Amino acid sequence: MNTQLRDKSYFDQRATEDMQKHLHGAQRTLQETMAYACRILAMTEQEAGLAGQISVRSERPNAYWTLRFGLGFDEATPDDFIEVDRDLNTLSGEGMANPATRFHLWVYDARPDVHSIVHTHSPWASALAAARQPLVISQMDMTPLHNDCAFLADWPGVPIADQEGVLISEALGDNRAIILAHHGYLTVGVNCEEATYLSVYLERAARMQIRAQAFGTLTPVDDELAAEAHDYLLKPSIVNATFDYWCRQTHGIPPLSIK
């Protein structure tokens, strides 16, 4: 049997076409997607009381959707999301926004490409933040964050005012993730699914880095190979199929009207 040695680009293109053909994401309302995202964050042990936040840019200018303040990620249902304006006045739904979501406004202003934000004080990413350590991309599963995870070395305090938003949005730059020293992390995405996907992988990457350091100095992945893996693992079909899988893993979430 003659096996032809073909370039990797051939297999990349073929896999992309096959995924577009065979991977069909579930249809959900925005609020259903956000409820599942919250349950995924809880399932991956990323809750920290009421400290975490999730938001999605609204179709209404200068507004976004977020989980009403007072609920944990594990409690979220589609009815628990509210739409708020730039002054955090509630436009749709009942309740108030977490005051700390104010810095989300600055990220949305600085990044028109961003349509969703996840921020948590998850255990492993917070451990890196406490040690003031940037992420080192040293394993394949970390590569969705290759050259896409910034680091803010100084803590501006509880982010309930405008100055914190300025600092965080400037430090984030064009990246899709950032570790906030003495604080936690932030991920952003073109939609809620991507921001959630990156949040789960960032927490896993932080856990892996801390564990691997016990065995010696970390060796970064080759830059070219890491860039290739970054783009492959952030294909929308992979992101959406992974999000759907995590949705199926969440147990105890009230029935949602998945169409």
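Keep in mind the model is a prediction, meaning the values are calculated, not measured.

About the criteria used
Each chain has its residues counted from 1, following the order in which its sequence is written. Restriction of local features to residues with pLDDT of at least 70 applies here, the model being predicted, together with a cutoff of 80 or more for giving and counting side-chain atom pairs; totals for whole chains, interfaces and linings are based on all residues. Excluding hydrogens and water, the side-chain values take into account all heavy atoms of the structure. In this scheme, strands are said to pair when DSSP sees at least two bridges between them. Each helix is a run of H or I in the DSSP string that is no shorter than four residues. Each strand is a run of E no shorter than two, and both are numbered from the N terminus. To get an axis, a line is fitted to the C-alpha atoms, and for a helix only the part in contact is used. The angle between two axes follows their N-to-C directions and goes from 0 to 180 degrees. In what follows, residue pairs with any heavy atoms lying within 4.5 Å of each other are defined as contacts. Only the six-membered ring of Trp is used, alongside the rings of Phe and Tyr, when aromatic pairs are assigned; centres must lie within 6.5 Å, and planes under 30 degrees apart are stacked while those over 60 apart are edge-to-face, with the rest tilted. The classification of residues rests on relative accessible area computed with a 1.4 Å probe and restricted to protein chains. Under 20% of the type maximum is buried, over 50% is exposed, and intermediate values are partly exposed. Orientation labels follow simple angle bins: below 35 degrees gives roughly parallel, above 145 gives roughly antiparallel, 65 to 115 gives roughly perpendicular, and whatever is left gives oblique. Note on residue categories: nonpolar means Ala, Val, Leu, Ile, Met, Phe, Trp, Tyr, Cys or Pro, charged means Asp, Glu, Lys or Arg, and polar means any other residue, Gly included. Joining through side-chain atoms within 4.5 Å is the link that ties buried Ala, Val, Leu, Ile, Met, Phe, Trp, Tyr and Cys residues into a set, and such a set is a nonpolar core. To estimate the expected span of a helix, count its residues, drop one, and scale the result by 1.5 Å.

Colleague: Could you clarify how one ought to interpret the sheet that holds strand β7 (residues 177-180) in this entry?
Modeller: Backbone hydrogen bonds hold the strands of a sheet together, and the pairing may be parallel or antiparallel. Read from one edge of the open sheet, eight strands run β4-β3-β2-β1-β5-β8-β7-β6, paired in mixed fashion. Where the open sheet ends on each side, the last strands, each with one partner, are β4 (90-92) and β6 (149-152). If you compare each strand with its neighbour and ignore which way they point, the axes differ by 25° on average. Note: strand β3 (residues 81-84) against β4, two bridges, orientation antiparallel. When the sheet's bridge partners are listed, V84 is paired in β4 with T90. This element, helix α5 (residues 162-172), spans β6, β7 and β8 (184-189) of the sheet and lies at about 130° to β7.

Colleague: How should I be thinking about the packing of aromatic side chains in this particular structure?
Modeller: Any two aromatic rings considered together are summarised by their centre-to-centre distance and by the angle between their planes. Overall, the coordinates contain four aromatic pairs when judged by the stated rule. Centroid distance Y64 to Y108: 6.1 Å. Interplanar angle 40°. Geometry classified as tilted. Residue Y64 is located in strand β2 (residues 64-67), and its partner Y108 is located in helix α3 (residues 102-110); the two are separated by 44 residues in the primary sequence. Side by side, Y64 and Y108 carry an identical accessibility label, which is buried. Ring geometry for Y197 and Y201: centres 4.9 Å apart, planes at 50°, overall tilted. Taken together, the positions of Y197 and Y201, both in helix α6 (residues 192-212) and four residues apart, correspond to about one turn of that helix. No difference in accessibility class separates Y197 from Y201, as the two residues are buried. Site record: aromatic cluster; members linked through ring pairs are Y197, Y201 and W246.

Colleague: What is the right way to look at the environment of D244 in this model?
Modeller: Tracing the chain through its elements places D244 in helix α8 (residues 236-249). Judged by relative accessible area, D244 falls into the buried class, the value being 11%. In this structure, the C-alpha to C-alpha distance between D244 and E193, residues 51 residues apart in sequence, is 8.9 Å.

Colleague: I would appreciate a short explanation of the packing of α6 against α8 in the present structure.
Modeller: To characterise two packed helices, one gives the angle between the axes of the helices and the distance between these axes. The geometry of α6 relative to α8 is characterised by a closest axis approach of 9 Å and an angle of 75° between their N-to-C directions. Taken together, the axes of α6 and α8 are roughly perpendicular relative to one another. Counting all contacts with α6, which are made through E193, E194, T196, Y197, V200, Y201 and R204, the residues of α8 involved are I238, V239, N240, T242, F243 and W246. When grouped by side-chain class, the residues that make up the contact of α6 with α8 number seven nonpolar, three polar and three charged.

Colleague: How should I be thinking about the pairing of β7 in this particular structure?
Modeller: On any regular strand, side chains alternate: one points to one face of the sheet, the next to the other face. Burial along β7 is two-sided: the residues A177 and I179 and I178 and L180 are all buried. Alignment of β6 against β7, held across four bridges, turns out to be parallel. Looking at β7, one finds that L152 is bridged to L180. Note that β7 and β8 share four bridges and pair antiparallel. By the bridge assignment for β8, L180 is matched with G184. Counting the residues in the hairpin turn of β7 and β8 gives three residues, including H182, whose phi is positive at 65°.

Colleague: Sorry, what's going on with the nonpolar core here?
Modeller: One broad rule of soluble globular proteins: the nonpolar side chains tend to lie buried together. Of all hydrophobic cores here, the largest spans 44 residues; its most connected members are I54, L67, F81, L135, L145 and Y197. The element contributing the most residues to this core is α6, with nine residues. Discounting chain neighbours no more than four positions away, the residues touching L67 are C38, I54, G72, F73, A76, D80 and F81. One finds F103, L105, I117 and I178 within the second-largest nonpolar core, a separate group that totals 19 residues.

Colleague: Just to check I follow, could you spell out helix α2 (residues 30-43) for this structure?
Modeller: Each α-helix winds once per 3.6 residues, and so residues spaced three or four apart point in a common direction. If you check α2, its first and last C-alpha atoms are 20 Å apart, about what 14 residues at 1.5 Å a residue would give, namely 20 Å. Summarising burial for α2: 11 of the 14 residues are buried, a large majority. Among all positions of α2, only E32, T33, M34, A35, Y36, A37, C38, R39, I40, L41 and A42 are buried. Looking one or two residues beyond α2, the residue adopting positive phi is E45, at roughly 60°.

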